[in-house]
Each structure stands twice: as C-alpha cells, then as structure tokens.
Amino acid sequence: MAAWPWWVHVLLVHAAARTLSAVVFVWTSGVQEASHWAGANPAYATFVALFYDGSWYRQIAESGYPDTLPVGPDGLVQQNAWAFFPLYPALVRGVMELTGASWVAAAPVVSLALATAAALVVHQVVVHGAPRAVAARPGLPLATVALVSVFPTAAVLQVAYTESLALLLVASSLLLIVRRRYGWAVVVVVLLGFARAVALPMAVVVGVHGLVRLWRARRGTETFTVRDGLGVGGLLLASLVSGVAWPLLCGWFTGVPDGYLQTQEAWRGVRETTPFFGWTYVPQFWFGAWGPWLVVAGAALVVAVLVVPAAWRLEPELHAWSAAYLLYIVAVIEPGSSLARFLLLAFPLAAVTAGVVTRPTWARRAWFGAVLVLMLGLHVLWIRQMWEFNPGGDWPP
C-alpha cells in the first residue's frame, strides 16, 4: 500500500469516513419520528437531502428566491431563502436538469462528489502550504485528511448542505494562493462568495500573502515583480468584492438595502447583528453563571492552538486563514448548535493537531491514534444527537 499514489490513500481514507457516516445516518433514521420533512424512519437519501437546511436549498433549487422579504405581524423580516447562498443549489439544479433526477437523488451525490474533491485538495494544501510541518511530521497531509474526514461534524460533507462545496473552494483558494496562481484564485474566490459568507477572511489571507512576499523580496530571498503585485492586488480586491456581493444582491433584488442582515437576524435569539454581541448572552443561556468562564476557556484553547510550534510550521497563508476565519465566525455568528459545523472550514488546524507530536515515532502514532479515536466517537455522537429531529422542538445542526 505504501507504493500506491497519494490520491489512492486519500480516497480510501475519505471513503471509509463517509461510509461510517452513512451507517450512522441509517442507524439514526431508524429511530427518527415523523416530521414536516418526511414520515417516520425515512430512507437515507431523504434523511440527508431534506432535513434542516436541506429543505431550504431544495426550495431555492426548485423555486428560486422570493422577490420580496416576508414580514410577520410584528413588522420584522421572517426566515426566508435569502439567508442561503445560491451556488450549491444551482449546482444541484444543474445535475437535476441534466439527469432528470429529483432533489433527493441528486443533492447527496453532488455533496459527496464535492467532498471527495475537497479531500484531495486538502491533501495538496498541506503538501504545498506546510512543507516544514511535513518534514517534521512525515505523513502529515494524509493525517490531516483523516482528521478532517472524521471531524465530529464532517458528516455534513455528504448531506444537502454547503460545507462540501465551501471546503473545496476554501482549500482550492489556499492552494492557488500558495502556488501563486492568482488568476485562477480570483475565479475560485469569486465562486466562494456565492457559496458561503467566508470570502472576507480570505482577503486577510491574500493581504498576509502579499506582505510576506514583499518582505521576503526586500530581504533578497525571492522576487516580487510589478506583475506579482498586480496579481495580489487584483485577488485582494476580488476577495473584498466577493465578501459583500451576495448581501448587496439581496438588497438590490428585494429593494431592502439591509435585507440580508434582517434575514440573518430572523434566525437569532436576539435580533442584533453587532459583532461579538452574541457571546454576551448565549453562553449564559446555555450554561448560566459558567457561561463567561467557558467562553474565556474556549478563547484560551483557540489561542493555544494557534501559537503552538506546530501552527508556526504552517506557511503564513494557512496560519492566517485559521486565525482570520475563527475570528470572523466569532464576530458574526450567534454561538449555538451550528458552531461546531462552522469549525470544519478551519481545516489547517487539523494539520496543527496531527503535528503537535513529531517524535519519537511511537509517541507520534499514539497521539494521532488517540485524537482519531476521540474524533470518531464524537462523530458518531454528533449524528445521533444532532441529526435526529425532535418534532416537539429542536436545535439545528
């Protein structure tokens, strides 16, 4: 097996993880009660294509977006399809048109295909974006793929959610930036802006990349031509525009300039989108007086992961994405049951985790094995606890 090409190893690891997820989904569907999406004990494809946000993406694929924002008796904007980005449902719609397949048949297949491509790109991101880390910890690219594939919320990579598409586009953006393919990176970053609201932290990565290249050029360790500067500048502009394109389009089509923000507020416990505000009340709702202390502990853990030697062995682009993306989601989301799902896109931290212990060999393997077992257990627990819908009231995964 050691002589097999790298992509064969990646596909085998990814296939094993997705098979495990499918088995647990089937197990969970066997105890699922009837809901407004399906009857009791739904088939696997129905379970992963229609539940939770999958029903919103189906609505977009089949009916598009509303011309006006729905407003309740209180005058506030209600939950509506404008909260969900268009690229994923458009891809599924294209497959439906080409094959005649239904949403239930097409959406899981598209998600799985995108996730498979993402696993291959993640491997190459670590190869090209963390050469010092790979030298210190042999096998790190495949170990990273394994940890990403069994991350507790990685089951969403095969359901009708945008995580598989977003992971592919984020990883592709990082790979193209590291390899200095700025023209192609512009295309991918623009697509990212229509897949998930994560293009703005990618602008930070581009800025860091440009500054590092300029610094190295002044030290004489590499060149940074006018053409390079124009490429980085164009990519930075594309990232910024991509980050605000969908909210602007929402405002234009609906006639409500801040319609996207009002739509996002419809999902919040408190209708307020002030950055970081959610962290002042949600933790106390969940944990009472322990809430603020848990927030401090969580922040300390994140900082620790970002400053350990294994993190600094990543190239600046991967390190910058991890830090910028985590800060971004902390600023813009209301912390809740979906937070663990959002963390999946901070995939370079899987390379950090796998690379914490580098030697001796037995310690490195023991550490990786322990983390892998922990992730597998949490993976099964997440599907069983979060994907099973309680018709009497539940929190979305």
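Look a little higher up for the structure.
We now turn to the structure provided with this report. (Residues numbered from 1 in each chain as written. Predicted model: local features only at pLDDT ≥ 70, side-chain atom pairs only at ≥ 80, totals over all residues. Heavy atoms only, no water.)

Bringing the nonpolar core into the picture now. One finds Y88, W103, M202, F347 and W387 to be the most contacted residues of the largest nonpolar core, which totals 114 residues. Counting residues per element, this core draws most heavily on helix α5 (residues 103–129), which supplies 13 residues. Residues within four places of M202 in sequence aside, it is in contact with V170, S173, L174, I177, V189, L192, S239 and W321. (Core = buried A, V, L, I, M, F, W, Y, C linked by side-chain atoms within 4.5 Å. Buried < 20%, exposed > 50% of the residue type's maximum accessible area, 1.4 Å probe, protein only. Helix = DSSP H or I, 4+ residues; strand = E, 2+ residues; numbered from the N terminus. Contact = heavy atoms within 4.5 Å.)

Once that is clear, we can look at unusual backbone geometry. Of the consecutive residues R359 and P360, the connecting peptide bond is found in the cis state with omega at -5°. Among the secondary structure elements, P360 is positioned in the loop between α18 (348–354) and α19 (361–387). We note that R180 has phi near 65°; this positive angle belongs to a residue other than glycine. Of note, R180 is situated in the loop between α8 (163–178) and α9 (182–192).

Attention shifts here to the side chain of E315. Its location among the elements puts E315 in the loop between α15 (309–312) and α16 (316–332). The class of E315 is buried, set by a relative accessible area of 15%. In contact with E315, other than residues within four places in its own chain, are G129, A130, P131, R132 and R216.

Moving on: the pattern of salt bridges. Side-chain pairs of opposite charge can arise whenever the charged atoms involved come near each other. Under the counting rule described, the total for this entry stands at 10 salt bridges. R58 is paired through a salt bridge with E62; the nearest N and O atoms lie 3.3 Å apart. With a gap of four residues between them, R58 and E62 both fall in helix α3 (residues 53–63), about one helical turn apart. Among the residues examined, R58 registers a relative accessible area of 32% and is labelled partly exposed. With a shortest N-O distance of 2.7 Å, E163 and R196 are connected by a salt bridge. Taken together, the residues E163 in helix α8 and R196 in the loop between α9 and α10 (199–219) connect sequence positions 33 residues apart. The same class applies to E163 and to R196, which are both buried. (Salt bridge = Lys/Arg side-chain N within 4 Å of Asp/Glu carboxyl O.)

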